[in-house]
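Coordinate analysis (summary)
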Protein chains: 2
Amino acid sequence: MQRPCARQHHMEESETESETDSEPESMRCISCKVEYVTRDAGTCKECYEEASETEEELKREIRDLEAKVAFLKLCSPTDHQQQQLGGRSGGSGFTDIVLVAAEDGPDGGPSMPVPAHRAILANRSPVFKAMLENEMEESRSGTIKISDVSYDALRAFVNYLCSAEACLDEQMACELLVLAEKYQVEHLKAYCEKFLVSKLNWDNSIVNYAFAHQHNAKLLLEAALSLILDNMDKLRKCQEYSEFVEKHPALVVKIYEKCLAKQENTAAPKDTSAKT
Amino acid sequence: MQRPCARQHHMEESETESETDSEPESMRCISCKVEYVTRDAGTCKECYEEASETEEELKREIRDLEAKVAFLKLCSPTDHQQQQLGGRSGGSGFTDIVLVAAEDGPDGGPSMPVPAHRAILANRSPVFKAMLENEMEESRSGTIKISDVSYDALRAFVNYLCSAEACLDEQMACELLVLAEKYQVEHLKAYCEKFLVSKLNWDNSIVNYAFAHQHNAKLLLEAALSLILDNMDKLRKCQEYSEFVEKHPALVVKIYEKCLAKQENTAAPKDTSAKT
């Protein structure tokens, strides 16, 4: 903070002007406390103070929202179930319906029912809402059967509907995305997509591209496609290519179309100049 | 902070020539685009850029949290009830219990039941949880009677338990604070306290002070007490004073104790010097 003054003292000592000779005047940054020269100047003091206040306000808002989320989260009924050592559903979690996975149970046996709340299911998913409000078979029997899903994924699904939280790996993210798509739980679908995008790499890009297409996951589709387009030289050489062509020819066509469109776009200015 | 330097500039000016003649070098603030001089400098460019990124991140976090809150909010069962034109509880809101206010109903008639979900009540309030899990009378009958509360407040209470939202005025905030205290819903209690603190003024400070004391609302108590201590000259002259002394003598004593302690603290240095 005192440095600039100290420097001027020295200059006065040497008694002539020369000031312009030297470095541009330096200042000390209020934030990082490091000296900088005019060309590295950022904001004025007033804007710095305003920005600090804004940051404090935003942090307060985040704390408030986090408290709200904590308040609104529902303790998962499967936790209650476990506390009761596999006790019957409808125990202390006040559940009033069960979901049953068509696949195997946790240890290969018949699938354990996952207890849930009608109110929560209907609130989070328009599909469950229609199913339950219209007194369909599921509503009358109090059991919703769900095919093509593991018990663990179904449990994680119900947990997410209660708490907006899930512990994901790639397998789980895919299973939950499928459920989210089927039952129109947009928040969960976006959550899974973001996770899968963060795990994208060349090795899983083709699988993810096909998966995203099948389940209408646009964010993941775009990200996977973009990764494939950046690695077109590897595409035909990779192991899965022939299987991919066989299973999803239309998707492969789309990749080539996009690739050519991209080339044309890049090449366009050159072509024009060549013609003129 | 930069003042001494500015003064040195003047000294140099009188001695020598040029450049120092002019104002200190000016810069343009990256944020507000206004020119400023060295003494008004805030941050370096790097810190400005970092701060901007941080702000963006915080805003993203807020958007995510807001989406989470929207996802977790439960559509209030009283909305369902109204949609059904006063239809029976347990309709499309999948409610499984009703709360009944001991006071009058909305138009002076007998109180209408407010439908609710056992799972939500038990999740948000340890008192409801104990009541419902232990199969007490309320749990068996499916009706929880709540005394000393208006129908409107009870409805707002259930809504808040579902959505973490309430439309407050001072009357409603007081009623909800009482319910929140009784059923140990900390989030709602803090919400009401904050609202009441924001509405504090000299005219309502004594009432709020007594109210806060009665319902163990520490934030409100401190704020009201501090306001009273700042206006001690008005205290004995105000209308409610004699009634206040009669009803809450211990609270009045506390005010005087605090007032004297404050005076002693302020006067302490003076007294010492007077003695020496």
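In the block above lies the structure referred to throughout.
These remarks concern the structure in this document. Here the structure is a predicted model, which means the values were calculated and not measured.

With that settled, consider the nonpolar core. The tendency in soluble globular proteins is for nonpolar side chains to be buried as a group. In terms of nonpolar packing, the biggest core is built from 140 residues, with Leu99(A), Phe128(A) and Leu99(B) touching the most fellow members. In this view, Leu99(A) contacts Met112(A), Pro113(A), Val114(A), Ala116(A), Leu121(A), Phe128(A), Ile144(A), Ile146(A), Leu154(A) and Val158(A); residues no more than four positions away in its chain are not counted. With 12 residues, the next largest nonpolar core counts Tyr36(A), Ala41(A), Met27(B) and Tyr36(B) among its residues.

The subject of this paragraph is the relation of the copies chain A and chain B. Two chain copies, one operation linking them: a rotation about an axis together with a shift along it. Here chain A sits on chain B after a turn of 179 degrees about the axis and a move of 0.0 Å along it, with an RMSD of 0.1 Å. The superposition of one copy onto the other is thereby described by a two-fold rotation axis. Looking at chain A, 100% of its interface residues are interface residues in chain B too, so the copies touch through the same face.

Another point: the pattern of salt bridges. All names here are of chain A. What the rule picks out here adds up to 18 salt bridges over all chains. Glu165 is paired through a salt bridge with Lys73; the nearest N and O atoms lie 2.9 Å apart. Separated by 92 residues along the polypeptide, Glu165 in the loop between α7 (151-163) and α8 (170-182) and Lys73 in the loop between α2 (45-72) and α3 (77-83) bring together distant segments of the chain.

Turning to the packing of helix α9 (residues 186-198) of chain B against helix α11 (residues 218-229) of chain B, a few remarks are in order. All names here are of chain B. Close contact between α9 and α11 brings their axes to 8 Å; oriented N to C, the two are set at 15 degrees. In terms of orientation, α9 lies roughly parallel with respect to α11. As α9 runs across α11, the sense of the crossing is right-handed. Residues Glu193, Lys194, Leu196 and Val197 of α9 form the contact with α11, whose participating residues are Lys218, Leu219, Leu220 and Ala223. Looking at the contact of α9 with α11 residue by residue, the class counts come to 5 nonpolar, no polar and 3 charged.

Contacts between the two partners involve 69 residues from chain A and, on the opposite side, 71 residues from chain B. Taken together, the two surfaces of chain A and chain B that pack against each other cover about 6,000 Å², and 67% of this comes from carbon and sulfur. Counting across the interface, chain A meets chain B through 2 salt bridges. Across the pair Lys194(A) and Asp64(B) runs a salt bridge, and its minimum N-O distance is 3.8 Å. Connecting chain A to chain B are 15 residue pairs in polar contact (both at pLDDT 80 or more). Secondary structure elements with two or more residues in the side of chain A that touches chain B: α1 (3-14), β1 (26-28), α2, α4 (118-124), α5 (126-133), α7 and α9 (186-198) of chain A.

Calculation criteria
- Residues numbered from 1 in each chain as written.
- Chains lettered and ligands numbered in written order.
- Predicted model: local features only at pLDDT ≥ 70, side-chain atom pairs only at ≥ 80, totals over all residues.
- Heavy atoms only, no water.
- Core = buried A, V, L, I, M, F, W, Y, C linked by side-chain atoms within 4.5 Å.
- Buried < 20%, exposed > 50% of the residue type's maximum accessible area, 1.4 Å probe, protein only.
- Contact = heavy atoms within 4.5 Å.
- Least-squares fit on C-alpha atoms with pLDDT ≥ 70 in both.
- Salt bridge = Lys/Arg side-chain N within 4 Å of Asp/Glu carboxyl O.
- Helix = DSSP H or I, 4+ residues; strand = E, 2+ residues; numbered from the N terminus.
- Axes fitted to C-alpha atoms, helices over the stretch in contact; angles between N-to-C directions.
- Parallel < 35°, antiparallel > 145°, perpendicular 65-115°, else oblique.
- Left-handed = near helix turned anticlockwise from the far one by under 90°.
- Nonpolar A, V, L, I, M, F, W, Y, C, P; charged D, E, K, R; others polar.
- Buried area = accessible area lost by both parts, 1.4 Å probe.
- Polar contact = N/O pair within 3.5 Å; in protein donor to acceptor, adjacent residues only side chain to side chain.

Honestly, that's just the spatial picture; any functional story needs more than this.
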